[in-house]
Every structure is written in C-alpha cells, then in structure tokens.
Amino acid sequence: MSYLARLEAESMHIIREAVAQAENPVMLYSVGKDSTVILHLARKAFFPAPLPFPLLHVDTTWKFKEMIKFRDVVATDPDLRLIVHINPECVRLNINPFDHGSSMHTDLWKTEGLKQALDEGAFDLAFGGARRDEEKSRAKERIFSFRTSKHVWDPKNQRPELWNIYNARHAAGESIRVFPLSNWTELDVWQYLLAEDIPVVPLYFAKPRPVVMRQGMQIMVDDDRMKLLPGEVVETKMVRFRTLGCYPLTGAVESEATDLSMILAEMFTSRSSERQGRMIDHDQAGSMEKKKVEGYF
Amino acid sequence: MRSSNLPPNNPVSQFIKAQQEKDLLRFIVCGSVDDGKSSMIGRLLYDSKQIFDDQLASLANDSLQHGTQGEAIDFALLTDGLQAEREQGITIDVAYRFFATDKRAFIVADAPGHEQYTRNMVTGASTAEMAVVLIDARKGVLTQTRRHSLLVDLLGIKNIIVAINKIDLIDYSQEVFDAISQQYLEFAETLHFENIHFVPICALTGENLTLPSTNTPWYAGPRLIEIAETVAVGTQDLSAAFRMSVQSVSRPNSDFRGYMGTIASGAINVGDLIRVNPSGMETRVKAFADFDGPRHSAIAGESVCLVLEDEIDISRGDLLSSIVDPALVSDHVEVHLVWLAEEAMIPQRSYLLKIGSKEVRAHIDRLKYRIDINSNEHVSAVTLGLNDIGICNISTVTPIGLDPYDLNRSTGAFVLIDRITNRTVGAGMIRHSLRRSENVQWQELTVGREQRELMNEQKGFVVWLTGLSGSGKSTIANALEVMLHQRKIRTFVLDGDNVRHGLNADLGFTETDRAENIRRVAEVAKLFVDAGMVTIVSFISPFEAERALAREIVGDSDFFEVFVDAPMVVVEKRDTKGLYAKARAGLLPNFTGVDSPYEIPTNPNLRVESSVSSVVECLDQIVAELVRKSFL
C-alpha cells in the first residue's frame, strides 16, 4: 500500500472505532481543507450507509464569505445534517477581533462557542481535524483525547494509546475528542485532495484579492467591517490562503498557484509552515497548548 | 484509494505521482537527550526540509531562552512540545514526527528513554516496525541500552539499527565502534531481532545519518537513512493468515448487511471461506462494499466493508479468520503485561480487556513473576506498579478469538481498562493460550442447586451489606437473620471480622489483600447460594471494583447489594469498637475512612440510612425491597 492509502485506511479505522463507541457523536466542520478531507474519509468509512453523525460548524460571523458559501453548498447534500452554532453572548457583546484582540475573540467565539454547542447537543464524542505536524503541543496529543465534563484537556494525564486500540470510554458528561488526521501532514492533505479530486473552498487558490499589510500579515478586506488604520492601503494582489480562519486573523500568501497541483509544486519549495499565517498561534508563549487545555480543538 | 487523477505528462504530475507511490515506515528512536536523540531527529527533519523557516526562527529564539547548546540551535526544543517539558528541559511524553525522503514517508515515535518512562516507550514501539537504538560512542552499551532493546524486542520489533553516535568524539575510531558492536551482539543473542545494523554516526553533522562521511573510510555500509528507506515493511506479508476484527455491522436498510473492519493480516478475496470467532461459524465472502467502486480482493492494512453469503450472527469485536489457518479461541491466556497506571495492578480485580474491537471483562488470576527490565531477570512479585512488566495468566468471562503476539502483532495485543475510571491501565501481549476451558472440566453434579432449592422450599441468594466500620452492618445482618429464621428460611451470615479470623487470617489490609479478601468471601457466598441458603454478607467492602467483582462471582440475579449509609462523623463519634481512635493514632494502617478511601456505591440495590432510621426500620426497608424484587 502507498503511504497515502495507509493514512486513509488508518483514518477510516479511527472514525469507525470512534462511532462504534460513542452514544452521540458529532463532527466539527470548519469548512477548511482538513474538515473537507475528514468528511470525505467518513463518507468512505460508512459507505454505503449515510454519515451516522451531524456536522457542527462553530460560526464566528467573521469567517470569509466564500467559506460560508461553500459550507452551504456542502450542506445541500440530503444525507448530511449541518448544525451551525453562533455564540449568542458574542453577538450580544459584539465581540470582534479589532476591538477585543485575537485572543479574546478566539476564546469567546470559538472555544466558548464550541463548548456551548457540544453541551447543547449533549455530544459525547467530537471529531476534529487537528494534525500532529501543525504545532508542538498537538504532536503530543492522543488520537482519542479525553475531556472532562468542563471540556478540559490535561496534557500531563493522557491515556496511553497503543497499537490501533482506542479507548473511548467515559462517564456521563465527559467526552472524547477524536483526531483522525493526527498522522497526516499538510502535504499529505493536499496530495490526498488532488488524488481523490475533492473540491475545496476557492480561497485556497490564488486570485487577485484586496489585501492590507497589517502586523506583517496580508489581511484580506472581506467586508466593510474592516476599517483601515492610518497609513494602510488596500492593494490588489495575487494571493491564496494556506489555512482558513476568521478573515481578520488569517494571513494570505502571494502565489500564482491556481490549482491543486500548482499548490503542491509551491509546497515542495516552501520554506514556511502553514500556521505562520495564524495570528492566534503566536499571541502568547505556548499559546496553542493553553487554548487546547481550555477546550479549543 | 483511487488511482491518481493527474494529467500524465507534466513534470509536476510526475513528481506528485512519485510522492503518492511512496510507502510508509513507522519507527521509534530509543535513547536519551544525552545520547543525541533530539539532535538526530532534528537532523532528519531538517535535512528532509520538514523544518520550516518560521519554526527555525522560533527555535533559534527558544534556544537562547531554554536551550542547552549555547548559541547553536538546540534541536531538543523542537521535539519537546509541552510547556512543562520546555520549562523543565525534560521530555515527558511520546511525540510523533513526520518526514519523507524521495523513497519513503516516515513517522518517527520520539519517546523519552528513562526507566520511569517505560510506558511511553512501549506506546511508541507498539506501532513501530523498526527501532533505532542510540549509543553514545564514549559510553558503549549501558543499562539503558539493554532496557531499550528489551522493550522493543518485547513489542515485537524485528529490525534494529544500532546508531553509535558522537563518533567524532572518539576520533572516528573503528576499534571502539567494533568493540561496541560486538558487545551489543553478545547481549542481543537472547533477543529475537532478525536484522541488526550498526552505523557510526554523528547526529550533529549528519555524518552517516543523512550525509556521507569522509572521516570513516573503514565503514563501507549504508547511511542510516538508506537503511530506513529499504527495510521491509512487515504489514505487507500477504502470505500471512487472514484476520479482521469486526468494528461494526452496517445495516442502512433491510437489504444490506456489511461487516466493517481493518484487515489485520493476510488477504481476502470474494469467494473465500472465513470462520467467525469465537462462534466458529463459517461462511463465504460475497462482495465488498467500497466507495471507490467494485473490487474483488483486499489486503492487510485496508479498511473494508465485507458482505457475506450467509446471514449468521456476527457482532462488533468478533474476529474473522481464514479457515485454513484459523485464530485460536480461548478464555485463559498467558501474557506479557506492562502496567501503565499509577495505581498498582490488583490481581482478581475485574478489568475490561480490549482486543481488536472486542471488549470483555477479565481478571489476572495469576501473576507469575515480574521482569527486571534492566537485567532481564525474573523477580517474584504480588503486584505490578507503574512501568512494571510481568508474566500473568488472564481469564476472560467469555472466550475470545486471538493469536499469539509473536505470530500476529494485531490480534495478539490488548489493553486493560479500569472499569470505574475508564483509564487504560495495562498493555498486554499474548504469549499463548492456556485453554482452561479444555484443561479443567467442572465436576458434573447430579444434585444441583435447583434440586436443593426445591427440597429447602426457598431460593438461595446473597444480601451484601457494605458500609463504613461502625455503620451498623453487623447489627442489621444479625437482626435480618433472626427475622428470616423466624420465617423458617435457612440463612447464614458471613461477617468481616469473623471471616478474617479464620478463612482469611493470612490477609492484611492492603488494596491487594482487600481484593483477595472480597474474592474469597464472594466465592464462599456463591457456594452457600448453590447450597440453597440465603447468605448475608456483612463486609466493609470499600471499593466499587471489588463489589462489582463480588456481584460478578455470585451472579447478578442472586446478588442484592445494600449500602448501609452512615456519615463518617457519626460512625467515628460512635466508634463502638474503638477502632477509629486507634486508626487516628496511627495504630491501624489502611483503615477505611481514615487513611484508606470508601467508595460510595453508585448503584446499590438499596440504600438504608442507619444513622437516621432505626434497625427495625432498616430491616423493613430491606425485606420490602427483597419481596418486591421476588427474592423472598
């Protein structure tokens, strides 16, 4: 078997094993490439049956417009059930990345929003798209990651995970997060999307887009909520995104890659990691680990 | 997977196609930071361009703050991912790293090497097909080298690279290299490795690791990375016997029934006969249900959905196997057990054993000995603590399909899960089946429980009273016996204090002894039930797991658990036997409620509050509930 085929088979095994042990599973769907791959793998895992769980999108209202459009097209599949959760508290307080900063914005919209949605749905198992190559604390997280009833991850007290035997047992109120792409790299994800001919959000492909240079990142002006600071100029540049989040917090890269094989060709020569374009990873030391402990994916 | 969708003649496509056709090797690197383990992994990642510029910049920044290499980049910081690890400068947990060369993709398990991290090394080795054992050329084969080699051998790894590192610090001396190699070979004779390669490397410069070296003209062998690129990947042995543990049964509609699973070994084709274990029923493969279209065969490692010819009873956890070379079926096995939890293993306690997708209750009925992982010697032991390895006999409540681990790393491996905390507490490898079901035949008695109950005109069952010392269990037990006796019901009381004077006089109050105490009493109670008696057991029985074990031994339908609930303050104040005072004075170690916990029963058949209700009221409640549940 080729290594992509082995990764695919391992992920299918993980997804099936998780569902078989869960009472009420759900799949986190963030519209990005990793979510897209997991959704595809889950369809394969349960074929010919439909997906035995709903998708959950924790919407921050600050996602790129094209992401929402893509999400809504995916949701037209009659075999899929999509739950969209918007943290009402954030709506009430008008939490946004400009006034409240990336850290508070992410914490309230995403982490708190996610916890609300998981509690409301009484989900005892949630799939996420995190990969171990993304970030150092993720490299040490289990594929089946136990969470307390408060959704807390305890990195120093993880369950040993051996062979391909996964323990998803938990008491009422506790839950398990499952990461079927743990052993995939960014390159694997792109290669798989290409090999399997899976559509992704067009934001991943280069196109002339209006961007502003802010804090060393190319931020796309996706709507009129983004106010220019003194000295900032909107320029139209040929850019694409390697990773997708809230648009004011996600940096674009200049690129000529307009399809998957061109993205791969760029990647083979790339010298920077994908999460460099994520402001939330860098806002404090060990920041991803801290977010994960608090319940972020 | 599908075959590639690329246009053929474009150079990018050809490159991508080559990427996609690579296979995958998982390996573990054993050694400590002192041996240069992190430098080695860092070097492999760096030379295969897996470290990006922003990570390198962040690394340079961290190296100045926490690093141990002065101005130079400290690769250890790249692999120590958790805040606590970076602050304390130690590796706590196993991490996985990813890189690829032109020939192969790799997943590296990076596990800390100290003795107290055996758990993590075992975890990393469980999925590895090759191990790199690092030796510091200045130090030679050390105790930890032996420990690491023993563990990878135990986990069934056959391909070993012994990387003799820091060869530059011994002036690239062939003599030293040869001496260390010889020393290692002598030690490894007792192990089961199939291929051992020795490579003189310098992890810092990459010599003989990723780059050739001009300093070792006497070494004509391949670089370490070249060995890793060519070592045989074991899962591809298609001549192995077919095995697949059923993950779940797919029934999207009444016309379709498919059995999902990952093929553990061998290959399977449409038309092949298979056997279902443990039931032993046989059928044929009718078809595959596959997202990517029709197919006629599948091989080890693939996740499939099988459609079978006959509608036979197959459920999650059943093991499908070839009929030519079928799996074993057993409820009693001898195993290597690695203990992974802080709480010691308790023989006789009921754990959940998970093998493939099968979960079954099991207990360790004999710990034969512990293995000293530094010397490979057998040490007598009554329990296993964190990181201990032992040889045990394990019994499961129902038979399971399995193979010895040395024949099949997938169907011979299992974990033990604590039934109360749900934590994974042990990892096991099956050595062989003891086939108890064939060895010990139960004596066929012609007069059975049914006959005795008919003659006695009553049903046998157990009333199990649990609660703190001084909660009133014995008083209630005696009063209950008197009341039943007056109704001409035959009874017997097993009281904690009395049994400890006789049957269990050899047992103390450690957790292990308490478990054995309960097991014996439960077995005795079961005999009384078989004799047709109403058996009243009055035991503190502080642990949920032991009460569950007692219920299991006696049988759920014959077991009535009463929680005699009295608050600690009340019983301590009452202190009828003066025991709490003694325990507080430190004269009675492991006394329940003082320095040993009492786990409140989560689901007793009945709870009586002996501090609030009178003895007569408690009795009324018990009898009423026994009548309602048709015990009386």
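Definitions and limits used
Residues numbered from 1 in each chain as written. Chains lettered and ligands numbered in written order. Predicted model: local features only at pLDDT ≥ 70, side-chain atom pairs only at ≥ 80, totals over all residues. Heavy atoms only, no water. Phe/Tyr/Trp six-rings, centres within 6.5 Å; stacked < 30°, edge-to-face > 60°. Helix = DSSP H or I, 4+ residues; strand = E, 2+ residues; numbered from the N terminus. Buried < 20%, exposed > 50% of the residue type's maximum accessible area, 1.4 Å probe, protein only. Lys NZ or Arg CZ within 6 Å of the ring centre and 35° of its normal. Contact = heavy atoms within 4.5 Å. Pairing = 2+ DSSP bridges.

Caption draft 1: Representation of the packing of aromatic side chains. Taken as a whole, this structure holds 26 aromatic pairs over all chains when the rule is applied. With 5.9 Å between their ring centres and 70 degrees between their planes, W163 of chain A and Y405 of chain B make a pair best called edge-to-face. A residue pair is termed interchain when its members come from two chains, as with W163 of chain A in the loop between β5 (144–147) and β6 (175–178) and Y405 of chain B in the loop between β19 (389–402) and β20 (413–417). In this pair, the class of W163 of chain A matches that of Y405 of chain B, namely buried. Each ring, one from Y580 of chain B and one from F591 of chain B, has its centre 5.1 Å from the other, and the planes form 90 degrees; the classification is edge-to-face. Here Y580 of chain B is found in helix α17 (residues 579–584), whereas its partner F591 of chain B is found in the loop between α17 and β26 (606–609), with 11 residues between them in sequence. On the basis of relative accessibility, which here comes to 1%, the residue Y580 of chain B falls in the buried class. Feature note: the residues W62, F64, F98, F241 and Y247 of chain A constitute an aromatic cluster, connected by ring pairs. Here R146 of chain B stacks its cationic end above the ring of F187 of chain B, 5.8 Å away from the centre of that ring. It is R295 of chain B that lies over the ring of F288 of chain B; its NZ or CZ is 5.6 Å from the centre.

Caption draft 2: Representation of the environment of C202 of chain B within the structure. Residues and elements named next belong to chain B. The residue C202 is located in the loop between β6 (195–200) and α9 (224–230) in this model. For C202, a relative accessible area of 3% translates into the label buried. Sequence-wise, C202 and A137 are 65 residues apart; in three dimensions their C-alpha atoms are separated by 9.8 Å. Beyond its immediate chain neighbours, meaning those up to four positions away, C202 contacts N165, K166, I167, D168 and E207.

Caption draft 3: A look at the pairing of strand β14 (residues 319–322) of chain B. Residues and elements named next belong to chain B. In the sheet, strand β7 (residues 243–250) pairs with β14 via 3 bridges, with the strands oriented antiparallel. Looking across to β14, one finds that M244 is bridged to L320. Looking at chain direction, strand β10 (residues 273–277) and β14 are connected through 4 bridges and run antiparallel. Its bridge partner being in β14, I274 is matched across the sheet by S322.

Caption draft 4: Broad picture of unusual backbone geometry. Of note, the amide linkage connecting F47 of chain A to P48 of chain A takes the cis form, showing an omega dihedral of 5 degrees. Mapping P48 of chain A onto the fold places it in the loop between α2 (33–46) and β2 (55–59). A cis geometry characterises the amide bond from N277 of chain B onward to P278 of chain B, with omega recorded as 10 degrees. By the secondary structure assignment, P278 of chain B is in the loop between β10 and β11 (282–288). Of note, N590 of chain B is a non-glycine position whose phi angle comes to about 60 degrees, a positive value. When you line up the elements, N590 of chain B lands in the loop between α17 and β26. Assessed through its relative accessible area of 31%, N590 of chain B is described here as partly exposed.

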